Amino acid sequence: MTPRLSIVIVNFNGGAHLGHCLGSLEHHPPRTPFEIVVVDNASTDGSLEAARNRASVRLVERRTNAGFSAGNNAGIRASSGELVLLLNNDTLVPPGAIDRLVERLDADPSAAIAGPRLVDADGLAELSFGPMISPLGELRQKVVTGLHARGVGPVRGWVERATRRERYVDWVSGACLLVRRAVAERVGLLDERFFLYTEDVDFCASVRAHGWKVLFTPASEIVHLRGRARATVPRQANAAYRRSHLAFYEKHHPRLVPLLRLYLRLKGEWPATGETQTKH
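K.L.:
What am I meant to see in the packing of helix α5 (residues 135–149) against helix α6 (residues 153–162) here?
P.N.:
Angle between the axes and distance between the axes: these two values describe a pair of packed helices. Between α5 and α6, the least distance of the axes is 8 Å, while the angle of their chain directions is 110°. Our classification of the angle between α5 and α6 gives roughly perpendicular. Read as a crossing pair, α5 and α6 show a hand that is left-handed. Together, R140, V144, L147, H148 and A149 of α5 and V155, R156, W158 and V159 of α6 make up the contact between the two elements. Grouping the constituent residues of the contact of α5 with α6 by class yields six nonpolar, one polar and two charged.

K.L.:
For this particular structure, what's the right way to read empty space enclosed by the protein?
P.N.:
Any space left empty among the atoms is revealed by the rolling of a water-sized probe across them. The final tally for this structure, using the stated rule, is one cavity of 30 Å³ or more. Reported here for the largest cavity is a volume of approximately 40 Å³. Looking at the largest cavity, the residues that line it are F68, N72, L86, G174, L177, L190, E199, D200 and F203. Looking at the lining of the largest cavity, the elements that each hand over two or more residues are α3 (68–78) and α8 (199–209). Tallying contributions element by element places α8 first for the lining of the largest cavity, with three residues.

K.L.:
Looking at this structure, how should I read the nonpolar core?
P.N.:
For soluble globular proteins, the rule of thumb is that nonpolar side chains tend to be buried together. Counting residues in each nonpolar core, the largest one holds 40 residues, and the members touching the most others are I113, V172, L177 and F203. It is α8 that provides the largest number of residues to this core, a total of five residues. Beyond its immediate stretch of four places on either side in the chain, I113 contacts L105, V172, L177, L178, V179, F203, C204, V207, K213, V214 and L215. In this structure, I36, I98, A111 and L118 belong to the second largest nonpolar core, which totals 29 residues.

K.L.:
What's the story with a nonpolar patch on the surface in this structure? I'm lost.
P.N.:
A cluster of nonpolar side chains, L136, L139, V143, L147 and V152, forms an exposed patch at the surface whose accessible area comes to about 430 Å². Note that L147 resides in helix α5. Exposure remark for L147: the relative accessible area of 30% places this residue in the partly exposed category.

K.L.:
Hey, could you run me through the pairing of strand β12 (residues 213–224) in this one?
P.N.:
In the case of a regular strand, side chains alternate between the two sheet surfaces. In this structure, strand β5 (residues 91–92) lies alongside β12, joined through two bridges in antiparallel fashion. When the sheet's bridge partners are listed, L92 is paired in β12 with V223. Bridging between strand β9 (residues 167–169) and β12 involves three bridges; their strand directions are antiparallel. In the sheet register, Y168 faces β12, and the bridge partner there is L215.

The rules behind the values
- All residue numbers refer to position in the chain's written sequence, counted from 1.
- Note on the predicted model: pLDDT of at least 70 is required for a residue's local features to be given, and 80 or more for side-chain atom pairs to be given and counted; whole-chain, interface and lining totals, by contrast, use all residues.
- Values shown for side chains rest on all heavy atoms present in the structure; no hydrogens or waters enter the calculation.
- Axis lines are fitted to C-alpha atoms, over the contacting stretch for helices. Their N-to-C directions set the angle, which ranges from 0 to 180 degrees.
- To qualify as a helix, a DSSP run of H or I must reach at least 4 residues; to qualify as a strand, a run of E must reach at least 2; elements of each kind are numbered from the N terminus.
- When describing relative orientation, an angle under 35 degrees is termed roughly parallel and one over 145 degrees roughly antiparallel, while 65 to 115 degrees is termed roughly perpendicular and anything else oblique.
- Crossing handedness is read from the near helix: turned anticlockwise from the far helix by less than a right angle, it gives a left-handed crossing, and turned clockwise, a right-handed one.
- The contact criterion used throughout is that any non-hydrogen atoms of two residues lie within 4.5 Å.
- When residues are sorted by character, Ala, Val, Leu, Ile, Met, Phe, Trp, Tyr, Cys and Pro go into the nonpolar class, Asp, Glu, Lys and Arg into the charged class, and all the rest, Gly among them, into the polar class.
- Two kinds of site are reported from a 1 Å grid over the protein atoms alone, namely cavities, where a 1.4 Å probe fits but cannot get out, and pockets, open sets with protein on both sides within 12 Å along at least five of seven lines, and residues are called lining when an atom falls within 4 Å of a point.
- Grid points are joined across faces, edges and corners, and a volume is the space filled by probe spheres set on the points.
- Only buried residues count toward a nonpolar core, which is a set of Ala, Val, Leu, Ile, Met, Phe, Trp, Tyr and Cys residues joined through side-chain atoms within 4.5 Å.
- Relative accessibility decides the category of a residue: with a 1.4 Å probe and only protein chains considered, values under 20% of the type maximum give buried, values over 50% give exposed, and everything between is partly exposed.
- Candidates for patches are residues over 30% relative accessible area with no salt bridge; among them, like charges are joined within 9 Å and nonpolar side chains (Val, Leu, Ile, Met, Phe, Trp, Tyr) within 5 Å.
- Values of accessible area rely on a 1.4 Å probe in the Shrake-Rupley scheme; residue burial ignores everything except the protein chains shown.
- We define a salt bridge as a side-chain nitrogen of Lys or Arg found within 4 Å of a carboxyl oxygen belonging to Asp or Glu.
- Here, a strand pair is defined by DSSP locating no fewer than two bridges between the strands.

In structure tokens form, the structure reads like this:
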């Protein structure tokens with residue numbers, strides 16, 4: 001049966017995460033005809049075996065780690081479904097979650113992207129959508145997520161309420177992002193200058209620039225074990241974030257780049273050369 005949905009998972013030294021993610025897909029497969037494509041960015045930790053030992057998975061092995069955007073693009077090109085689900089290897093898929101996400105996108109012909117409600121292992125909601133990245137937008141997002149992580153009651157209550165309402169947003173998290181293939185190809189797929197982080201915000205911006213909407217829907221809920229992989233290599237992950245952050249401002253807010261460079265240097269967070277290889 002020709003797959004309608006292509007699930008693309010990028011892996012780089014994903015440890016047990018990849019096996020758990022694939023296991024959740026095996027236990028709770030979508031009703032929509034689907035294929036799974038795992039793109040491995042030259043892992044060295046043995047995590048690739050989690051994909052190699054599964055007959056339901058098509059494996060794309062890359063000789064070098066060119067980043068998360070490049071890995072997703074390789075997976076999109078290797079797949080054929082009219083819908084593409086970009087799925088992090090540190091996610092778990094509950095029963096029916098993918099089908100509900102597909103149903104919501106199918107029901108809205110004005111939207112090209114749909115993202116689900118993301119929760120952690122304890123069911124705590126993640127603020128997985130937001131306004132376009134800008135200095136003010138970033139400040140707001142960081143304050144909210146910081147207070148949320150500290151368990152500040154009113155903020156956690158606000159996030160819980162905010163993630164219970166379906167809405168159009170500027171971006172949804174690339175941890176689980178469903179997109180119409182035709183639109184993804186029309187905008188040129190993901191921008192590969194973003195090695196890791198902000199690629200989802202940029203991709204959603206490209207889609208919106210072509211007249212399509214981005215939908216956040218709590219009708220679908222995915223478990224995202226956020227930060228566990230990043231915690232094993234915090235220095236590299238932070239460097240990758242800063243490089244993508246700079247690239248994002250160079251593309252979308254070029255006049256603010258000198259100020260951002262000065263800010264990073266004053267904080268001692270200027271990324272050193274060669275510190276971009278990390279987990280995703």
